[in-house]
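Chain residues, written in single-letter form:
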Amino acid sequence: MPKDYKDLRSARWFAPDDLRSMGHRSRALQMGLAAEDWEGKPVIAIINTWSDLSPCHHHLRDRAEHVKKGVLQAGGFPAELPVHDFAEQFLKPTSMLYRNMGAMEVEETLRSHPVDGVVLMGGCDKSTPALVMGAISMGIPFIYLPAGAMLRGNYAGQQLGSGTDVWKYWDERRAGTINKEQWQGVEAGIARSYGTCMTMGTASTMMSIADGWGLTLPGASSIPAPDAGHKRMSAACGRRIVEMVWEDLTPGKIITWESTRNAVTVAMATGCSTNAIIHMIAMARRAGIDLTLEHLDEIGHETPVLANLRPSGTKYLMEDFFYAGGLRALMKELGDKLDLSVTTVSGRTMGECIEDAVNYNDDVIRPMSNPVYHEGSLAVLKGNLAPDGAVIKPAAMNEKFQVHSGPAIVADSYAELKEIINDENYPMTPDSILVLRNAGPQGGPGMPEWGMIPMPKALLKDGHRDMVRLSDARMSGTSYGACILHVAPEAFVGGPLALIRTGDIIELDVPNRTLNVQLSDAELDARRAEWVQPEPRYGRGYGWMFSKHIEQADKGCDFDFLKTEFGAPVPEPEIN
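Predicted, not measured: the structure shown is a model, and the values here were computed from it. (Residues numbered from 1 in each chain as written. Predicted model: local features only at pLDDT ≥ 70, side-chain atom pairs only at ≥ 80, totals over all residues. Heavy atoms only, no water.)

Caption draft 1: Summary view of the overall build of the protein chain. The number of helices and strands found in the protein chain is 20 helices and 14 strands. At 24 Å, the protein chain has a C-alpha radius of gyration in line with the 25 Å of a compact globule built from 576 residues. Burial statistics for the protein chain: of 576 residues in total, 60% are counted as buried. Contacts spanning at least 24 positions in sequence make up 77% of the contacts within the protein chain whose residues lie at least 6 apart. Of the roughly 21,600 Å² of accessible surface on the protein chain, 51% is carried by carbon and sulfur atoms. Here the protein chain contributes 56 positively and 73 negatively charged side chains, and the mean placements of these two sets differ by 4 Å. (Helix = DSSP H or I, 4+ residues; strand = E, 2+ residues; numbered from the N terminus. Rg over C-alpha atoms; globule rule 2.2 N^0.38 Å. Buried < 20%, exposed > 50% of the residue type's maximum accessible area, 1.4 Å probe, protein only. Contact = heavy atoms within 4.5 Å. Areas by Shrake-Rupley, 256 points an atom, 1.4 Å probe, with all protein chains shown as cover. Lys, Arg positive; Asp, Glu negative; His and termini not counted. Charge placed at Lys NZ, Arg CZ, Asp CG, Glu CD.)

Have a look at this one:
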């Protein structure tokens, strides 16, 4: 049943004829508002992740004004509420350390204020999961407004892909094939506008997942940030959220097992970032959906990569994807691999949202008959080295390493790793397997994106550009190569990764989804008995809380006390 004004959350603050509500109204009047601004209207929060140190979100201050315009057009009352900015480039030691803090901030900001619905504005890697996780836990109607990708990079007539070409040209710089002037040319040309990375990195992956889940207006994730259509989409989000409030279209009616499976399928078909696994598990579990690594691997097995976008593809970027028809066209190509009956924030079914979609370039968005890669972007590995799982991106690695064994070269820290990879005379072969440990959720701390281990100079000078690299860290979604990531349990808490030594033989078999070290159970047990727990990373503050409550990568790295099953739902605040 549609809501009346008396049913709105905000009415609890503004409507009663009592002392406390008089105070709320008088303070609204203090800000120059009038009763006409809120009476009979839903209050719409605009959660904005803009900041002066967030290049991906640098346009969101302007876009918030377009959202407000849409809210006003639809008869709502807009209220912009800023939160943490999630700037991937500048937050140290890693933005992942703050994803859960951001989710808590979003949830509590919404719960504690007189708001009835919310437009979530984000895009840079951790912002999408943080915003969505917090809004799911709050439970009021929400719509996600993706920041959109930046324009293509350019240098010396070559298109540049953010992140992906950074890794490529950095290897060439270290190999001595390009000079400092060329490197600086790449630096100046790779990020030409506001917006997120324009490769299918984590930002584009997570925005596409939100779109495929039905949490955005149809196709919103594909619109480039500088495109005028992005402003129109922002206003449309403002109009639609007002309608969603009156319809009482809450997250629980949109986020179902079927829509979650759609989101995973879409992710795999885009050639998604490995980070998608951690974030999707965390988001789904906030909605009470027990998404597991096994589910992700199963869906990946049967979903081909259709988006010919870097780094899994060879040529194209998000701007090309938009011109080719965007995510709606890719979903149309997926056909019966999707459940088109699910509801979206638009109020229409997914089938209705994509029925008129057209693929304008079948090299950018491949048909099922001609995929970029025959099965999904990601694979889950298990074995005595990763009993709870590890992740690899087969579509973005040299195929010869899919079945491989070689001796480990072990680094206990990133500083030690840098010494190894920068030593031109370090003894290794292309069969060696570089191992970085103590870089997981607790060890990092926060599981930094150190898993894209640069190629060692000892191999670069001989022309090698890929090798097997293994860690309990994450990897930027813009990265590529034979990198095994998210090894769980992590070394810092005593996982098997903590027990291996330089020279141990590691075996990788991607087709059979296995990752093992050639050590007997007895030898592993003996080494475990000798292992010493590292000192905690933090003695106080947020980092201490993080270390006490963070879950492992296979569980989504959420805080244990934020899981749906941890306790009873949080009640609405008393207004006294």
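Caption draft 2: Summary view of the sheet that holds strand β4 (residues 142-146). Strand order in the open sheet made by the four strands is β2-β1-β3-β4, with parallel pairing throughout. Only two strands of the sheet have a single neighbouring strand rather than two, namely β2 (77-82) and β4. Shown here is a sheet whose adjacent strand axes are inclined to one another by a mean of 20°, direction ignored. The sheet contact formed by strand β3 (residues 117-122) and β4 spans five bridges and is parallel. Residue pairing across strands places M121 opposite L145, the latter belonging to β4. With respect to the sheet, helix α10 (residues 228-247) is in contact with β1 (43-48), β3 and β4, its orientation differing from that of β4 by roughly 175°. (Pairing = 2+ DSSP bridges. Axes fitted to C-alpha atoms, helices over the stretch in contact; angles between N-to-C directions.)

Caption draft 3: Focus on the pairing of strand β9 (residues 403-411). Note that β9 and strand β13 (residues 505-509) share five bridges and pair antiparallel. Within β13, the position partnered with H404 by the bridge is L508. Of the pairings in the sheet, the one linking β9 to strand β10 (residues 433-436) comprises four bridges and is parallel in character. The residue bridging A408 from the neighbouring strand is I433, located in β10.

Caption draft 4: Region of the structure containing helix α20 (residues 541-549). Listed in full, the buried residues belonging to α20 are Y542, G543, F546 and S547. Across the axial projection of α20, the buried residues extend over an arc of 135°, all falling on one side. Looking at the packing, one finds that the buried side of α20 touches α5 (99-112). (Arc of directions from axis to C-beta.)

Caption draft 5: Fine view of the state of the cysteines. Under the criterion given, the structure shown has zero disulfides. Just so you know, C197 is unpaired, no disulfide at all, and the nearest cysteine sulfur is the one on C56, 5.8 Å from it. You can call C197 buried: its relative accessible area is 19%. With no disulfide partner, C483 has as its closest neighbouring cysteine sulfur the one in C272, 15 Å distant. (Disulfide = S-S within 2.5 Å.)

Caption draft 6: Looking closely at the pairing of strand β12 (residues 483-488). For β12, a buried count of six out of six residues is recorded, marking the element as mostly surrounded by other parts of the structure. The sheet contact formed by strand β8 (residues 386-392) and β12 spans two bridges and is antiparallel. When the sheet's bridge partners are listed, V391 is paired in β12 with L485. Sheet topology note: the strand β11 (residues 469-471)/β12 ladder contains two bridges and is parallel. Counted as the bridge partner of R469 is C483 from β12.

Caption draft 7: Highlighting the packing of aromatic side chains. This structure, assessed with the given rule, holds nine aromatic pairs. Ring plane angle 25° and centroid distance 5.3 Å describe the contact between F14 and W38, whose orientation is recorded as stacked. Residue F14 is located in helix α1 (residues 9-14), and its partner W38 is located in helix α3 (residues 35-38); the two are separated by 24 residues in the primary sequence. Residue class for F14 comes out buried when judged on its relative accessible area of 10%. Ring centres of Y542 and F546 lie 6.2 Å apart, and the angle between their planes is 55°; on these two criteria the pair is classed as tilted. Highlighted residues: Y542 and F546, both in helix α20, separated by four residues, approximately one helical turn. F546 shares its class with Y542; the two are buried. The rings of Y98, Y542, F546, F559 and F561 are connected pair by pair, giving a single aromatic cluster. If you follow R61 out to its NZ or CZ, it ends over the ring of W50, 3.9 Å from the centre. (Phe/Tyr/Trp six-rings, centres within 6.5 Å; stacked < 30°, edge-to-face > 60°. Lys NZ or Arg CZ within 6 Å of the ring centre and 35° of its normal.)

Caption draft 8: Highlighting the pattern of salt bridges. Counting across every chain of the model gives 38 salt bridges. Here D165 makes a salt bridge to R310, at a shortest N to O gap of 2.7 Å. With D165 in helix α7 (residues 164-175) and R310 in the loop between α13 (293-301) and α14 (318-323), this residue pair connects regions lying 145 residues apart in the sequence. Linking K253 and D248 is a salt bridge whose minimum nitrogen-to-oxygen distance equals 3.8 Å. Residue class for D248 comes out partly exposed when judged on its relative accessible area of 25%. Through salt bridges that share partners, E88, D125, K126, E449 and R474 make up one connected network. (Salt bridge = Lys/Arg side-chain N within 4 Å of Asp/Glu carboxyl O.)

Caption draft 9: View of the nonpolar core. The biggest cluster of nonpolar side chains holds 78 residues, and the ones touching the most others in it are I47, L110, V119, L120, I209 and W213. Considering every element that reaches this core, the biggest residue donor is helix α12 (residues 275-286), with seven residues. Leave out the neighbours within four places in its chain, and I47 touches L81, V83, V106, T109, L110, V118, V119, L120, M121 and L131. Grouped together as the second largest cluster of nonpolar side chains are 29 residues, V410, A482, I484 and A498 included. (Core = buried A, V, L, I, M, F, W, Y, C linked by side-chain atoms within 4.5 Å.)

Caption draft 10: Representation of the packing of helix α4 (residues 60-73) against α10 in the model. Between α4 and α10, the least distance of the axes is 7 Å, while the angle of their chain directions is 40°. Here α4 lies oblique to α10, going by the angle between them. Remark: the crossing between α4 and α10 carries right-handed chirality. Judged by residue contacts, D62, R63, H66, V67, K69, G70, V71 and Q73 of α4 engage H230, K231, S234, A235, G238, R239, I241 and V242 from α10. Grouping the constituent residues of the contact of α4 with α10 by class yields five nonpolar, six polar and five charged. (Parallel < 35°, antiparallel > 145°, perpendicular 65-115°, else oblique. Left-handed = near helix turned anticlockwise from the far one by under 90°. Nonpolar A, V, L, I, M, F, W, Y, C, P; charged D, E, K, R; others polar.)

Caption draft 11: Broad picture of the side chain of K126. The topology assignment puts K126 in the loop between β3 and α6 (127-138). Residue classification places K126 among the buried residues on the basis of a relative accessible area of 0%. What K126 contacts, discounting residues up to four positions off in sequence, is F86, E88, S95, M96, R99, H279, E449 and R474.

Caption draft 12: Here's a closer look at the environment of E574. Considering the arrangement of structural elements, one finds E574 in the segment after α20. Distance in space between the C-alpha atoms of E574 and L291 is 34 Å, their sequence separation being 283 residues.

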